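Next come the chains, spelled out residue by residue.
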Amino acid sequence: MAIDYPNRVSLANLPTPLQLLGRITELYSQPYAGPRIWIKRDDLTESAMSGNKLRKLEFIIAEAQSTGCDTLITCGGEQSNHCRATALAAAKMGLQSHLILRGGNKPSDGQGADGNLLVDYVAGANVSIYPLRQYVEGLPELFAHWAQHYEALGRRALCIPTGGSDGLGIWGYIRAAEELAEDCHRHKIEPEHIVCATGSGGTQAGLTLGGHLIGAGYQVTGYAVCDDTEYFVQKVTGDVEDWCRRYDKKLSPGCLNISVNDRYIGPGYGVAGKEVYETIATLAQTEGILLDPVYTGKAFHGLLQEIKAGTYAGCKDVVFVHTGGQFGVFPHRAHFPQP
Ligand SMILES: *Cc1c(COP(=O)(O)O)cnc(C)c1O
(Lines give C-alpha, C1' and ligand atoms only; values in the text may rest on other atoms or scores of the structure.)
Protein backbone atom coordinates (compact mmCIF):
# COMPACT_ATOMS: atom_id res chain seq x y z
CA MET A 1 0.00 0.00 0.00
CA ALA A 2 1.40 3.39 -0.99
CA ILE A 3 2.22 5.76 1.83
CA ASP A 4 0.02 8.85 1.81
CA TYR A 5 2.37 11.76 2.50
CA PRO A 6 1.33 15.26 3.56
CA ASN A 7 2.55 18.31 1.62
CA ARG A 8 6.26 18.68 1.18
CA VAL A 9 8.52 21.38 -0.23
CA SER A 10 11.59 20.23 -2.11
CA LEU A 11 14.80 21.34 -0.38
CA ALA A 12 17.11 18.32 -0.37
CA ASN A 13 18.91 16.76 -3.33
CA LEU A 14 17.34 13.32 -3.31
CA PRO A 15 17.97 10.49 -3.46
CA THR A 16 21.25 10.78 -1.58
CA PRO A 17 23.88 8.20 -2.61
CA LEU A 18 24.20 4.83 -0.91
CA GLN A 19 27.87 3.87 -1.04
CA LEU A 20 29.94 0.88 0.01
CA LEU A 21 32.76 1.72 2.43
CA GLY A 22 35.08 -0.80 0.82
CA ARG A 23 38.33 0.17 2.52
CA ILE A 24 36.80 0.51 5.98
CA THR A 25 35.05 -2.83 5.54
CA GLU A 26 38.34 -4.46 4.61
CA LEU A 27 40.24 -2.90 7.51
CA TYR A 28 37.70 -2.92 10.33
CA SER A 29 35.06 -5.47 9.54
CA GLN A 30 36.58 -8.36 7.57
CA PRO A 31 39.12 -9.26 10.30
CA TYR A 32 36.15 -9.83 12.61
CA ALA A 33 34.03 -11.63 10.01
CA GLY A 34 31.80 -8.57 10.13
CA PRO A 35 29.37 -7.27 7.53
CA ARG A 36 29.98 -5.00 4.58
CA ILE A 37 29.54 -1.41 5.76
CA TRP A 38 27.47 0.87 3.55
CA ILE A 39 26.87 4.56 4.05
CA LYS A 40 23.74 6.52 3.17
CA ARG A 41 25.04 9.97 2.38
CA ASP A 42 22.51 12.25 4.03
CA ASP A 43 25.42 14.60 4.64
CA LEU A 44 24.87 15.35 0.94
CA THR A 45 21.24 16.45 1.15
CA GLU A 46 22.56 19.96 0.43
CA SER A 47 25.72 21.97 0.88
CA ALA A 48 25.16 24.61 3.58
CA MET A 49 21.77 23.11 4.53
CA SER A 50 23.32 19.64 4.69
CA GLY A 51 22.28 16.80 6.96
CA ASN A 52 19.26 14.92 8.22
CA LYS A 53 17.27 17.93 9.43
CA LEU A 54 16.61 19.02 5.86
CA ARG A 55 14.43 15.96 5.20
CA LYS A 56 12.28 16.87 8.19
CA LEU A 57 12.17 20.54 7.22
CA GLU A 58 10.68 19.64 3.84
CA PHE A 59 7.51 18.61 5.63
CA ILE A 60 7.72 21.18 8.44
CA ILE A 61 8.03 24.12 6.06
CA ALA A 62 5.16 22.83 3.90
CA GLU A 63 3.07 22.79 7.10
CA ALA A 64 4.18 26.34 7.93
CA GLN A 65 3.13 27.50 4.48
CA SER A 66 -0.24 25.77 4.56
CA THR A 67 -1.05 27.25 7.98
CA GLY A 68 -0.09 30.78 6.96
CA CYS A 69 3.07 31.06 9.05
CA ASP A 70 5.78 33.52 8.03
CA THR A 71 8.24 32.78 10.83
CA LEU A 72 9.93 29.63 12.13
CA ILE A 73 10.96 29.47 15.78
CA THR A 74 13.12 26.58 16.87
CA CYS A 75 15.70 25.71 19.48
CA GLY A 76 18.87 23.78 20.15
CA GLY A 77 22.45 23.99 21.33
CA GLU A 78 24.70 26.78 20.12
CA GLN A 79 26.14 24.35 17.58
CA SER A 80 22.77 22.93 16.55
CA ASN A 81 22.80 21.54 13.01
CA HIS A 82 19.02 21.64 13.09
CA CYS A 83 18.98 25.39 13.82
CA ARG A 84 21.52 26.08 11.09
CA ALA A 85 19.52 24.10 8.53
CA THR A 86 16.30 25.83 9.67
CA ALA A 87 17.86 29.29 9.31
CA LEU A 88 18.99 28.59 5.74
CA ALA A 89 15.83 26.76 4.67
CA ALA A 90 13.68 29.57 6.09
CA ALA A 91 15.73 32.11 4.13
CA LYS A 92 15.31 30.11 0.93
CA MET A 93 11.55 29.92 1.41
CA GLY A 94 11.17 33.60 2.27
CA LEU A 95 10.44 33.03 5.96
CA GLN A 96 12.01 34.64 9.02
CA SER A 97 13.72 32.35 11.50
CA HIS A 98 14.24 32.81 15.21
CA LEU A 99 16.63 30.49 17.03
CA ILE A 100 16.44 29.91 20.78
CA LEU A 101 19.90 28.64 21.64
CA ARG A 102 21.30 26.97 24.72
CA GLY A 103 24.48 28.77 25.72
CA GLY A 104 26.95 27.87 28.38
CA ASN A 105 26.91 29.12 31.91
CA LYS A 106 28.12 32.55 30.90
CA PRO A 107 26.07 34.96 28.81
CA SER A 108 27.17 35.04 25.20
CA ASP A 109 27.15 38.02 22.85
CA GLY A 110 27.64 36.10 19.64
CA GLN A 111 31.16 37.44 19.22
CA GLY A 112 33.57 34.97 17.70
CA ALA A 113 30.73 32.77 16.49
CA ASP A 114 31.99 29.52 14.99
CA GLY A 115 30.68 26.53 13.07
CA ASN A 116 26.90 26.31 12.86
CA LEU A 117 26.33 29.48 14.92
CA LEU A 118 28.37 31.52 12.47
CA VAL A 119 26.20 30.21 9.62
CA ASP A 120 23.05 31.10 11.62
CA TYR A 121 24.15 34.73 11.68
CA VAL A 122 25.21 34.72 8.05
CA ALA A 123 21.80 33.29 7.10
CA GLY A 124 20.06 36.21 8.79
CA ALA A 125 18.43 34.29 11.61
CA ASN A 126 17.33 36.14 14.72
CA VAL A 127 19.35 34.48 17.44
CA SER A 128 18.67 34.53 21.18
CA ILE A 129 21.24 32.73 23.31
CA TYR A 130 20.20 31.87 26.86
CA PRO A 131 22.23 30.70 29.82
CA LEU A 132 22.06 26.94 30.29
CA ARG A 133 19.79 27.01 33.30
CA GLN A 134 17.22 29.40 31.88
CA TYR A 135 17.05 27.33 28.72
CA VAL A 136 16.66 24.01 30.50
CA GLU A 137 14.08 25.25 32.99
CA GLY A 138 12.16 27.66 30.80
CA LEU A 139 12.13 26.45 27.20
CA PRO A 140 8.31 26.38 26.79
CA GLU A 141 8.12 29.93 28.16
CA LEU A 142 10.82 31.06 25.75
CA PHE A 143 8.88 29.60 22.81
CA ALA A 144 5.67 31.27 24.07
CA HIS A 145 7.47 34.57 24.55
CA TRP A 146 8.84 34.69 21.02
CA ALA A 147 5.64 33.40 19.42
CA GLN A 148 3.74 36.23 21.15
CA HIS A 149 6.43 38.69 20.13
CA TYR A 150 5.84 37.88 16.45
CA GLU A 151 2.09 37.79 16.88
CA ALA A 152 2.19 41.33 18.28
CA LEU A 153 4.03 42.36 15.11
CA GLY A 154 1.19 40.94 13.04
CA ARG A 155 3.17 37.87 12.07
CA ARG A 156 2.54 34.21 12.64
CA ALA A 157 5.15 31.73 13.87
CA LEU A 158 5.43 27.96 13.68
CA CYS A 159 7.23 26.52 16.71
CA ILE A 160 9.48 23.58 15.77
CA PRO A 161 10.64 21.32 18.61
CA THR A 162 14.25 20.28 19.21
CA GLY A 163 15.71 18.60 16.14
CA GLY A 164 12.39 18.91 14.30
CA SER A 165 11.48 15.62 15.94
CA ASP A 166 7.75 15.13 16.31
CA GLY A 167 4.90 13.50 14.41
CA LEU A 168 5.33 16.01 11.59
CA GLY A 169 9.13 15.97 11.21
CA ILE A 170 9.42 12.19 11.19
CA TRP A 171 7.78 12.09 7.75
CA GLY A 172 11.23 13.04 6.46
CA TYR A 173 12.68 9.71 7.54
CA ILE A 174 9.62 7.68 6.69
CA ARG A 175 10.27 8.91 3.18
CA ALA A 176 13.99 8.19 3.59
CA ALA A 177 13.14 4.58 4.48
CA GLU A 178 11.31 4.25 1.17
CA GLU A 179 14.24 5.84 -0.64
CA LEU A 180 16.67 3.49 1.08
CA ALA A 181 14.61 0.50 -0.03
CA GLU A 182 15.04 1.63 -3.63
CA ASP A 183 18.79 2.15 -3.08
CA CYS A 184 19.13 -1.37 -1.67
CA HIS A 185 17.17 -2.82 -4.54
CA ARG A 186 19.47 -1.06 -7.00
CA HIS A 187 22.57 -2.39 -5.20
CA LYS A 188 20.97 -5.83 -4.79
CA ILE A 189 21.50 -5.90 -1.04
CA GLU A 190 19.18 -6.72 1.84
CA PRO A 191 20.85 -5.15 4.89
CA GLU A 192 20.08 -6.75 8.22
CA HIS A 193 20.79 -3.53 10.12
CA ILE A 194 20.39 0.22 9.65
CA VAL A 195 22.40 2.32 12.08
CA CYS A 196 22.17 6.05 12.82
CA ALA A 197 23.14 8.53 15.50
CA THR A 198 20.17 9.43 17.67
CA GLY A 199 19.90 12.81 19.39
CA SER A 200 16.29 13.97 19.45
CA GLY A 201 14.98 10.64 18.16
CA GLY A 202 13.19 11.76 15.01
CA THR A 203 15.52 10.17 12.51
CA GLN A 204 15.35 6.86 14.31
CA ALA A 205 11.57 7.17 14.71
CA GLY A 206 11.07 7.86 11.02
CA LEU A 207 13.37 5.07 9.85
CA THR A 208 11.83 2.58 12.28
CA LEU A 209 8.25 3.51 11.40
CA GLY A 210 9.03 3.78 7.69
CA GLY A 211 10.71 0.38 7.73
CA HIS A 212 7.62 -1.08 9.36
CA LEU A 213 5.24 0.58 6.88
CA ILE A 214 7.10 -0.80 3.86
CA GLY A 215 7.68 -4.20 5.45
CA ALA A 216 11.47 -3.93 5.45
CA GLY A 217 13.34 -6.77 7.09
CA TYR A 218 16.06 -4.78 8.81
CA GLN A 219 16.54 -3.68 12.37
CA VAL A 220 17.06 0.06 12.92
CA THR A 221 19.41 0.90 15.80
CA GLY A 222 19.98 4.40 17.10
CA TYR A 223 23.35 5.03 18.70
CA ALA A 224 22.63 7.53 21.45
CA VAL A 225 24.71 10.71 21.71
CA CYS A 226 23.17 12.14 24.87
CA ASP A 227 20.48 10.29 26.83
CA ASP A 228 20.08 6.61 27.70
CA THR A 229 18.12 3.79 26.10
CA GLU A 230 15.04 4.24 28.26
CA TYR A 231 14.83 7.91 27.28
CA PHE A 232 15.09 7.19 23.57
CA VAL A 233 12.61 4.31 23.59
CA GLN A 234 10.13 6.73 25.15
CA LYS A 235 11.02 9.60 22.84
CA VAL A 236 10.73 7.49 19.68
CA THR A 237 7.47 5.98 20.94
CA GLY A 238 6.18 9.48 21.69
CA ASP A 239 7.03 10.79 18.22
CA VAL A 240 5.28 7.81 16.61
CA GLU A 241 2.22 8.32 18.84
CA ASP A 242 2.17 11.99 17.87
CA TRP A 243 2.26 10.90 14.21
CA CYS A 244 -0.67 8.50 14.78
CA ARG A 245 -2.67 11.27 16.47
CA ARG A 246 -2.01 13.92 13.86
CA TYR A 247 -2.68 11.72 10.85
CA ASP A 248 -5.33 9.47 12.29
CA LYS A 249 -3.28 6.29 11.98
CA LYS A 250 -3.48 3.11 13.98
CA LEU A 251 -0.54 0.86 14.71
CA SER A 252 -0.78 -2.29 16.73
CA PRO A 253 1.05 -1.88 20.03
CA GLY A 254 4.55 -3.31 20.05
CA CYS A 255 4.75 -3.58 16.27
CA LEU A 256 7.85 -1.37 16.23
CA ASN A 257 11.13 -2.80 17.43
CA ILE A 258 12.86 0.27 18.90
CA SER A 259 16.53 -0.51 19.37
CA VAL A 260 18.96 1.87 21.08
CA ASN A 261 22.64 1.46 21.91
CA ASP A 262 23.66 3.91 24.65
CA ARG A 263 27.18 2.62 25.29
CA TYR A 264 29.04 5.19 23.19
CA ILE A 265 27.80 8.51 24.54
CA GLY A 266 31.20 9.08 26.15
CA PRO A 267 31.54 12.03 28.56
CA GLY A 268 28.26 13.65 27.47
CA TYR A 269 26.41 15.51 24.74
CA GLY A 270 28.83 17.43 22.57
CA VAL A 271 31.85 16.09 24.46
CA ALA A 272 33.80 13.27 22.86
CA GLY A 273 36.69 11.07 23.90
CA LYS A 274 39.94 10.74 21.97
CA GLU A 275 38.68 7.58 20.25
CA VAL A 276 35.93 9.54 18.48
CA TYR A 277 38.40 12.04 17.00
CA GLU A 278 40.56 9.10 15.91
CA THR A 279 37.59 7.45 14.20
CA ILE A 280 36.78 10.72 12.42
CA ALA A 281 40.37 10.93 11.18
CA THR A 282 40.32 7.27 10.12
CA LEU A 283 37.21 7.66 8.00
CA ALA A 284 38.52 10.88 6.45
CA GLN A 285 41.84 9.19 5.64
CA THR A 286 40.47 5.92 4.26
CA GLU A 287 37.24 6.99 2.58
CA GLY A 288 37.43 10.78 2.19
CA ILE A 289 34.29 11.22 4.28
CA LEU A 290 34.05 13.67 7.16
CA LEU A 291 32.11 12.71 10.29
CA ASP A 292 31.37 15.08 13.19
CA PRO A 293 32.33 14.76 16.87
CA VAL A 294 28.82 15.29 18.30
CA TYR A 295 26.74 12.73 16.36
CA THR A 296 28.10 10.73 13.47
CA GLY A 297 31.63 10.28 14.83
CA LYS A 298 30.30 8.77 18.04
CA ALA A 299 27.79 6.56 16.28
CA PHE A 300 30.26 5.32 13.70
CA HIS A 301 32.85 4.67 16.38
CA GLY A 302 30.22 2.69 18.27
CA LEU A 303 29.35 0.69 15.17
CA LEU A 304 33.00 -0.27 14.61
CA GLN A 305 33.36 -1.35 18.26
CA GLU A 306 30.23 -3.47 18.05
CA ILE A 307 31.46 -5.09 14.84
CA LYS A 308 34.70 -5.97 16.62
CA ALA A 309 32.73 -7.35 19.55
CA GLY A 310 30.80 -9.64 17.20
CA THR A 311 27.42 -7.94 17.58
CA TYR A 312 26.95 -7.97 13.80
CA ALA A 313 28.57 -11.37 13.17
CA GLY A 314 26.73 -13.37 10.56
CA CYS A 315 25.28 -10.25 8.95
CA LYS A 316 26.06 -9.50 5.33
CA ASP A 317 25.30 -5.82 5.03
CA VAL A 318 24.90 -2.93 7.45
CA VAL A 319 23.93 0.60 6.42
CA PHE A 320 25.21 3.58 8.42
CA VAL A 321 23.16 6.73 7.83
CA HIS A 322 25.51 9.72 7.66
CA THR A 323 23.29 12.41 9.13
CA GLY A 324 25.69 15.31 8.46
CA GLY A 325 27.12 17.74 11.01
CA GLN A 326 30.34 18.80 9.28
CA PHE A 327 30.18 22.37 10.60
CA GLY A 328 30.45 20.90 14.08
CA VAL A 329 34.01 19.80 13.35
CA PHE A 330 35.43 23.31 13.42
CA PRO A 331 34.59 24.36 17.00
CA HIS A 332 36.38 21.13 18.06
CA ARG A 333 39.58 22.05 16.23
CA ALA A 334 41.73 21.72 19.35
CA HIS A 335 41.00 17.98 19.61
CA PHE A 336 42.23 16.97 16.16
CA PRO A 337 45.87 16.13 15.54
CA GLN A 338 47.56 19.01 13.75
CA PRO A 339 51.17 19.59 12.78
C1 LIG B 1 20.36 16.08 14.78
C2 LIG B 1 21.42 15.19 14.28
C3 LIG B 1 21.38 13.81 14.51
C4 LIG B 1 20.33 13.16 15.32
O5 LIG B 1 19.10 13.12 14.66
P6 LIG B 1 17.77 13.13 15.54
O7 LIG B 1 16.71 13.01 14.54
O8 LIG B 1 17.79 14.45 16.26
O9 LIG B 1 17.86 12.00 16.50
C10 LIG B 1 22.38 13.03 13.99
N11 LIG B 1 23.40 13.58 13.29
C12 LIG B 1 23.49 14.90 13.07
C13 LIG B 1 24.66 15.41 12.32
C14 LIG B 1 22.50 15.75 13.56
O15 LIG B 1 22.59 17.06 13.33
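Conventions adopted
- The written sequence of each chain sets the order in which its residues are numbered from 1.
- Selection of residues for local features in this predicted model requires a pLDDT of at least 70, selection of side-chain atom pairs for listing and counting requires 80 or more, and totals for whole chains, interfaces and linings are taken over all residues.
- Side-chain numbers here rest on the full set of heavy atoms in the structure, without hydrogens or water.
- A pocket, in this scheme, is an open set of points on a 1 Å grid over the protein atoms alone with protein on both sides within 12 Å along at least 5 of 7 lines, while a cavity is a set where a 1.4 Å probe fits but cannot get out; residues line either one if an atom lies within 4 Å of a point.
- Grid points are joined across faces, edges and corners, and a volume is the space filled by probe spheres set on the points.
- Only runs of H or I of at least four residues qualify as helices and only runs of E of at least two qualify as strands under DSSP, and these elements are numbered from the N terminus.
- Nearness is judged by heavy atoms alone; a residue qualifies as near a molecule or strand once a single heavy atom is within 4 Å of it.
- Each polar contact in these results corresponds to two N or O atoms within 3.5 Å; when the atoms are within protein, one needs to be able to donate a hydrogen and the other to accept it, and residues that are neighboring in sequence are counted only if both atoms are side-chain atoms.
- What sets the accessible areas is the Shrake-Rupley method with a 1.4 Å probe; for residues, cover comes only from the shown protein chains.
- Cavity and pocket membership follows a simple rule, namely that a molecule belongs there if more than half of its atoms are within 2 Å of the grid points.
- In this count, Pro and Cys sit with the nonpolar residues alongside Ala, Val, Leu, Ile, Met, Phe, Trp and Tyr, while Asp, Glu, Lys and Arg are called charged and the others, Gly among them, polar.
- In a helix, the anticipated span is given by 1.5 Å times the number of residues less one.
- Only protein chains enter the accessibility calculation, which uses a 1.4 Å probe; a residue whose area is less than 20% of its type maximum is buried, one above 50% is exposed, and one in between is partly exposed.
- Any two strands with at least two DSSP bridges between them are considered paired.
- The split into domains, and so the bounds of each, comes from an automatic or database assignment of domains.
- Angular values range over 0 to 180 degrees, each being the angle between N-to-C directions of two axes fitted as lines to C-alpha atoms, with helices fitted over their stretch in contact.
- Contact between two residues is taken to exist if any of their heavy atoms lie within 4.5 Å; hydrogens are not considered.
- The term disulfide is used for any two cysteine sulfur atoms that are within 2.5 Å.
- Pairing of aromatic side chains here covers Phe, Tyr and the six-membered ring of Trp, requires ring centres within 6.5 Å, and sorts the geometry by plane angle: under 30 degrees stacked, over 60 edge-to-face, intermediate tilted.
- Distance and angle both matter: a charge sits over a ring if NZ of Lys or CZ of Arg is within 6 Å of the ring centre and within 35 degrees of the ring normal.

Caption draft 1: Structural detail: empty space enclosed by the protein. Counting across every chain of the model gives 1 cavity of 30 Å³ or more. Put simply, the largest cavity is a space of about 30 Å³. What lines the largest cavity is Lys-40, Asp-42, Tyr-173, Ala-176, Ala-177, Leu-180, Leu-207 and Val-321. In terms of residues, the lining of the largest cavity owes the most to one element, helix H6 (residues 171-187), which gives 4 residues.

Caption draft 2: Region of the structure containing the site of the ligand. Neighbouring the ligand are 16 residues; Lys-53, Lys-56, Ser-200, Thr-203 and Thr-323 lie closest to it. Contact between the ligand and Asn-81: an oxygen atom at 2.9 Å from a side-chain N or O atom of the residue. Contact with the protein chains hides 98% of the accessible area of the ligand, taken as 370 Å² for the molecule alone. When each cavity is represented as a set of grid points, the ligand is found to reside in the largest pocket. Here the residues of the shell around the ligand are counted per class, giving 2 nonpolar, 12 polar and 2 charged.

Caption draft 3: Quick look at H6. Helix length check: H6, at 17 residues, gives a terminal C-alpha distance of 24 Å against a target of 24 Å (1.5 Å per residue), a fit within 8%. Lys-188 occupies a position one or two residues after H6 and carries a positive phi of about 55°.

Caption draft 4: Representation of the pairing of strand S2 (residues 36-41). For S2, a buried count of 5 out of 6 residues is recorded, marking the element as mostly surrounded by other parts of the structure. Two elements, strand S1 (residues 18-20) and S2, share 3 bridges in a ladder whose sense is antiparallel. Bridge pairing in S2 places Leu-18 opposite Lys-40. Note that S2 and strand S10 (residues 317-322) share 6 bridges and pair parallel. Bridge pairing in S10 links Arg-36 to Asp-317.

Caption draft 5: Quick peek at the layout of surface pockets. In this structure, the largest pocket encloses a volume near 600 Å³. Contributing elements (two or more residues each) for the lining of the largest pocket: helix H2 (53-66), strand S3 (71-77), helix H3 (81-92), helix H5 (132-152), strand S7 (193-198), helix H7 (202-213) and helix H8 (229-247). Split by residue class, the lining of the largest pocket holds 10 nonpolar, 18 polar and 5 charged. When residues of the lining of the largest pocket are sorted by domain, at least three fall in each of domain 1 (18-50 + 166-335) and domain 2 (53-164). A volume near 460 Å³ is recorded for the second largest pocket. In terms of lining residues, the second largest pocket is bounded by 22 residues, among which Gly-77, Glu-78, Gln-79, Arg-102 and Tyr-269 are the most central. Among the residues forming the lining of the second largest pocket, the class breakdown is 6 nonpolar, 12 polar and 4 charged. For the lining of the second largest pocket, the domains that each give at least three residues are domain 1 (18-50 + 166-335) and domain 2 (53-164).

Caption draft 6: Looking closely at unusual backbone geometry. Backbone torsion omega between Leu-14 and Pro-15 reads -5°, so that peptide bond is classified as cis. Looking at where Pro-15 falls in the secondary structure, it is placed in the segment before S1.

Caption draft 7: Focus on the sheet that holds S3. Judged by pairing direction, the sheet is parallel, and its 4 strands sit side by side in the order S5-S4-S3-S6 without closing on themselves. Bordering the open sheet on either side are strand S5 (126-130) and strand S6 (157-159), each of which pairs with just one other strand. Neighbouring strand axes in the sheet, compared pairwise and without regard to direction, differ in orientation by 20° on average. Across the sheet, H3 is in contact with S3 and strand S4 (96-102); its angle to S3 comes to roughly 160°. Lying over the sheet, helix H4 (residues 115-122) contacts S4 and S5, oriented at roughly 140° with respect to S5.

Caption draft 8: Local environment of the state of the cysteines. Inspection of every chain in the model, using the stated rule, returns 0 disulfides. Lacking any disulfide linkage, Cys-69 is separated from the closest cysteine sulfur, that of Cys-159, by 8.6 Å. For the unlinked cysteine Cys-315, the closest cysteine sulfur is that of Cys-184, found at 14 Å. Taking relative accessible area as the criterion, Cys-315 reaches 15% and is therefore assigned buried.

Caption draft 9: Geometry of the side chain of Thr-208. On the secondary structure map, Thr-208 appears in helix H7. For Thr-208, a relative accessible area of 7% corresponds to the buried category. Setting aside anything within four residues of it in sequence, one finds Thr-208 in contact with Val-220, Leu-256 and Asn-257.

Caption draft 10: Expanded view of the packing of aromatic side chains. Going through the model one piece at a time under the given rule, you end up with 10 aromatic pairs. Above the plane of the ring of Tyr-295 lies Lys-53, whose end atom (NZ or CZ) is 5.5 Å from the centre. Arg-55 extends its terminal NZ or CZ atom over the ring of Tyr-173, reaching a point 5.5 Å from the ring centre.

Limitation: the analysis is restricted to geometry and does not speak to function.
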